[in-house]
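Observations on the model geometry
Single-letter residue listing:
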Amino acid sequence: MSATRVLEVGTPLGAARVHLARPPRAHGSVVLTHGAGGSIGAADVTAVAAGLVEAGWAVALVEQAWVVAGRKLPPPAATQDPAWLPVVAHLATGRGALPRPLVVGGKSNGARVAFRTAHAVGADAALALAFPLHPPGKPALSRAEELRAPVPHGIPLHVVQGETDAFGTPAEVRAELPDPSWVTGVKGGHGFTRRPDDLVAAALAFVCALA
């Protein structure tokens, strides 16, 4: 990926850290964040980010404030979401605002916070890399309401889901959305594969269709 600039943004939980790659005349912007493991260096996230930048999109990889503060697990939504909102607001407004369209998304838990807040941050679209529809083996504990959160606001969304994901198969995710084409099944489970080329291709196809 091209050279990045590191920014710190104040939030109610302390500073969040943003790694921003902004190619000249970018087609738009994608703000991505990590899963509950807390690493923006995960192979799937970095592969998608690199593919987007190569295709001419600005990409902001966000280390959420709870990670920067050294916490091991994400806080509840009532605490996590208010600490996410100022990060996207900082990136999307002011003289240095990222170019539109603005896509918000992330891996697993990061997708949850992005989908929950997509309308509040004024996103043009939302992208999930492995949406955790339910805990493994507990389909009754559904997070379908979070999955569908962008829908009432007319915000396009797409989910790229591993075919053997224990947190919800592509078929399970499709069953919770108005349009089955909003989900792409790819190889692997919740962590995809070591060479997630199909994940990158699916993410690029969705994002580039917005430009």
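Everything that follows concerns the structure shown earlier in this document.
Residues numbered from 1 in each chain as written. Predicted model: local features only at pLDDT ≥ 70, side-chain atom pairs only at ≥ 80, totals over all residues. Heavy atoms only, no water.

**Some remarks on the packing of aromatic side chains**
Taken as a whole, this structure holds 1 aromatic pair when the rule is applied. Where phenylalanine 115 meets phenylalanine 131, the ring centres are 5.6 Å apart and the plane angle is 50°; that geometry is what we call tilted. Placement of the pair is phenylalanine 115 in helix H4 (residues 109-117) and phenylalanine 131 in the loop between strand S6 (125-129) and helix H5 (144-147), with a sequence separation of 16 residues. Residue classification places phenylalanine 115 among the buried residues on the basis of a relative accessible area of 0%. (Phe/Tyr/Trp six-rings, centres within 6.5 Å; stacked < 30°, edge-to-face > 60°. Helix = DSSP H or I, 4+ residues; strand = E, 2+ residues; numbered from the N terminus. Buried < 20%, exposed > 50% of the residue type's maximum accessible area, 1.4 Å probe, protein only.)

**Section: the pattern of salt bridges**
The full count for this structure, using the stated rule, is 8 salt bridges. Two residues, arginine 116 and glutamate 146, come together in a salt bridge whose shortest N-O distance is 3.4 Å. Taken together, the residues span a long stretch of sequence, with arginine 116 in helix H4 and glutamate 146 in helix H5 at a distance of 30 residues. Using a relative accessible area of 17% as the deciding quantity, one classes glutamate 146 as buried. With its nearest N and O atoms 2.9 Å apart, the salt bridge here joins arginine 148 to glutamate 176. Separated by 28 residues along the polypeptide, arginine 148 in the loop between H5 and strand S7 (157-162) and glutamate 176 in the loop between helix H6 (170-175) and strand S8 (183-186) bring together distant segments of the chain. Judged by relative accessible area, which is 32%, arginine 148 ranks as partly exposed. Each of Asp81, Arg112, Arg116 and Glu146 takes part in one network of salt bridges that share partners. (Salt bridge = Lys/Arg side-chain N within 4 Å of Asp/Glu carboxyl O.)

**Quick notes on the sheet that holds S7**
The mixed open sheet is built from 8 strands, whose spatial order is S1-S2-S4-S3-S5-S6-S7-S8. Since the sheet does not close on itself, it has two edges, and those belong to strand S1 (5-11) and S8, each with one partner. When the angles between neighbouring strand axes are averaged without regard to direction, this sheet yields 20°. For strand S3 (residues 29-33) and strand S5 (residues 102-107), the ladder comprises 5 bridges, and the chain directions are parallel. Of the residues in S5, the one forming a bridge with valine 31 is valine 104. (Pairing = 2+ DSSP bridges. Axes fitted to C-alpha atoms, helices over the stretch in contact; angles between N-to-C directions.)

**A look at helix H7 (residues 197-210)**
The terminal C-alpha atoms of H7, which comprises 14 residues, lie 20 Å apart, in line with the 20 Å expected from a rise of 1.5 Å per residue. When we look at burial in H7, the residues that qualify are Leu199, Val200, Ala202, Ala203, Phe206 and Val207. All buried residues of H7 project into a common sector of 165° when viewed along the axis, lining one side. Seen from the buried face of H7, the exposed residues on the opposite side, beyond 90 degrees, are Asp197, Ala205 and Ala209. Along its buried surface, H7 packs onto S3, helix H1 (43-54), S6, S7 and S8. (Expected span 1.5 Å × (residues − 1). Arc of directions from axis to C-beta. Contact = heavy atoms within 4.5 Å.)

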